[in-house]
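# Analysis of the macromolecular model
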Amino acid sequence: MKLLVTGGAGYIGSVVAALLIEAGHEVVVLDDLSVGHADAVPQAARFVQGTLREKAADVLGEGGFDAVLHFAAKSQVGESVRLPALYWDRNLGESLALFEAMRGHGVRKIVFSSTAATYGEPEQVPIPEDAPTRPTSPYGQTKLAIDGVLTEFARLYGFGAVSLRYFNVAGAHGRFGERHDPETHLIPNVLRVPSGAVPHVSVFGDDYATPDGTCVRDYIHVVDLGDAHLLALGAAEPGTHRIYNLGSGSGYSVQEVIDVCREVTGHPIPAVVAPRRPGDPAVLVASSAKIQDELGWKPERDLRAMVRDAWEFAK
Ligand code: UDP
């Protein structure tokens, strides 16, 4: 297939672009490099630099595209609380420009990078797809709104859309990995200690209602996530919008993640308890039963593999 990957210079977009190329697809990456890195774009992909508003219609106008994988977004919860209008503009506004360009050029298949943040504080865990959606940040609200637009574009214009709601994505695929600045995610932050960048890792709260008092999250390997995108591409049917969670169905605490990082790196990794991070729920774990039943996807790489691959990438 000929595929447009938006945000293919970012962490998840670049890994999925690389996996799509390895699976034999032709990939064009569109990214404005506001957060991504030009050298993260796989060499076999054609790279177009620009925003979706500036360039999506031109690129899709070349013709021959079978589908779009849409990763381009602002994705920091804390920043979205400080700058909500920016998030609505960049996430919803740019997505609308992309969807209109798709409609204009007859490209109707799309796999969209949604998020667990659409659910907000869960009433039950593991979280199923029909759980209430009450995002607690502008980031989650913008992603939920885009899911809503896709439901309408499926109904009104025959889009075949699949939204994948990611929980905690980790790991790397060879030279494709996580390089955020500032880095907020747990595993790359823990690995900054054995890398020598910082003397210790901060544990944001150890008094949650969890077995060891630290927050529990559902981590999935970015290559398992990429596999789900390949399956989702095959499942995008005209006139339907499907939504699937992507997680492992079980969680690890911050303390357990740090322990695995210690084992993998052989470094003592000092940890210091710090205040809770505002807005962090105690436990976020996905039910991925729906994508397992309907598309046959299941995660195959455990936390140790995620840490090992992230550590190889960090080194
Ligand atoms: N966390 C931490 N120290 C850090 C980074 C994160 O204790 O340096 C905790 C954070 O409070 C949360 C968990 O690790 O409970 C996962 O955070 P991350 O930002 O990786 O993902 P999130 O679940 O927020 O999407």
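In this text, all values refer to a predicted model and were calculated from it rather than measured experimentally.

### Side note on the domain arrangement of the chain
Assigned domains within the chain: domain 1 (2-169 + 219-246) and domain 2 (170-218 + 249-314). Domain 1 and domain 2 are separated by 23 Å when their C-alpha centres are compared. Along the contact surface separating domain 1 from domain 2 lie four salt bridges. D227 is the partner of R301 in a salt bridge, and the nearest nitrogen-oxygen pair spans 3.8 Å. Residue contributions to the side of domain 1 that touches domain 2 peak at eight residues, all from helix α7 (residues 222-235). Among the residues forming the side of domain 1 that touches domain 2, the class breakdown is 26 nonpolar, eight polar and seven charged.

### Quick word on the packing of helix α1 (residues 11-22) against α7
Close contact between α1 and α7 brings their axes to 9 Å; oriented N to C, the two are set at 60 degrees. The orientation of α1 relative to α7 falls into the category oblique. Remark: the crossing between α1 and α7 carries right-handed chirality. Contact with α1, carried on its side by Y11, I12, V15, V16, L19 and L20, involves V222, V223, L225, G226, H229, L230 and L233 of α7 and no other residues of that element. Here the contact of α1 with α7 is composed, by residue class, of 11 nonpolar, two polar and no charged.

### Side note on the pairing of strand β4 (residues 67-70)
Side chains A67 and L69 project from β4 onto one buried face, and the interleaved V68 and H70 project onto a second face that is buried too. Where strand β1 (residues 2-6) and β4 come together, four bridges link them in parallel fashion. Of the residues in β4, the one forming a bridge with L3 is A67. Looking at chain direction, β4 and strand β5 (residues 109-115) are connected through three bridges and run parallel. Note that in β5 the partner of V68 across the bridge is I110.

### Quick look at the sheet that holds strand β14 (residues 283-284)
An order of β12-β9-β14 is seen for the three strands of this open sheet, with the pairing classed as mixed. The open sheet has two edge strands with one neighbour each: β12 (252-253) and β14. Here strand β9 (residues 216-217) pairs with β14 via two bridges, running parallel. What sits directly across from V216, in β14, is V283.

### Points about the site of the ligand
Contacts to the ligand come from 14 residues, most closely from L186, S202, R217, R277 and D280. A distance of 2.6 Å separates an oxygen atom of the ligand from a polar side-chain atom of R277. Note that an oxygen atom of the ligand is positioned 2.5 Å from one of the side-chain N or O atoms of D280. Secondary-structure elements contributing two or more residues to the shell around the ligand are α6 (186-191) and β8 (201-204). Among the elements that make up the shell around the ligand, the one with the highest residue count is β8 (three residues).

About the cut-offs
- Residues numbered from 1 in each chain as written.
- Predicted model: local features only at pLDDT ≥ 70, side-chain atom pairs only at ≥ 80, totals over all residues.
- Heavy atoms only, no water.
- Domains from an automatic or database assignment.
- Salt bridge = Lys/Arg side-chain N within 4 Å of Asp/Glu carboxyl O.
- Helix = DSSP H or I, 4+ residues; strand = E, 2+ residues; numbered from the N terminus.
- Nonpolar A, V, L, I, M, F, W, Y, C, P; charged D, E, K, R; others polar.
- Axes fitted to C-alpha atoms, helices over the stretch in contact; angles between N-to-C directions.
- Parallel < 35°, antiparallel > 145°, perpendicular 65-115°, else oblique.
- Left-handed = near helix turned anticlockwise from the far one by under 90°.
- Contact = heavy atoms within 4.5 Å.
- Buried < 20%, exposed > 50% of the residue type's maximum accessible area, 1.4 Å probe, protein only.
- Pairing = 2+ DSSP bridges.
- Near = heavy atom within 4 Å.
- Polar contact = N/O pair within 3.5 Å; in protein donor to acceptor, adjacent residues only side chain to side chain.

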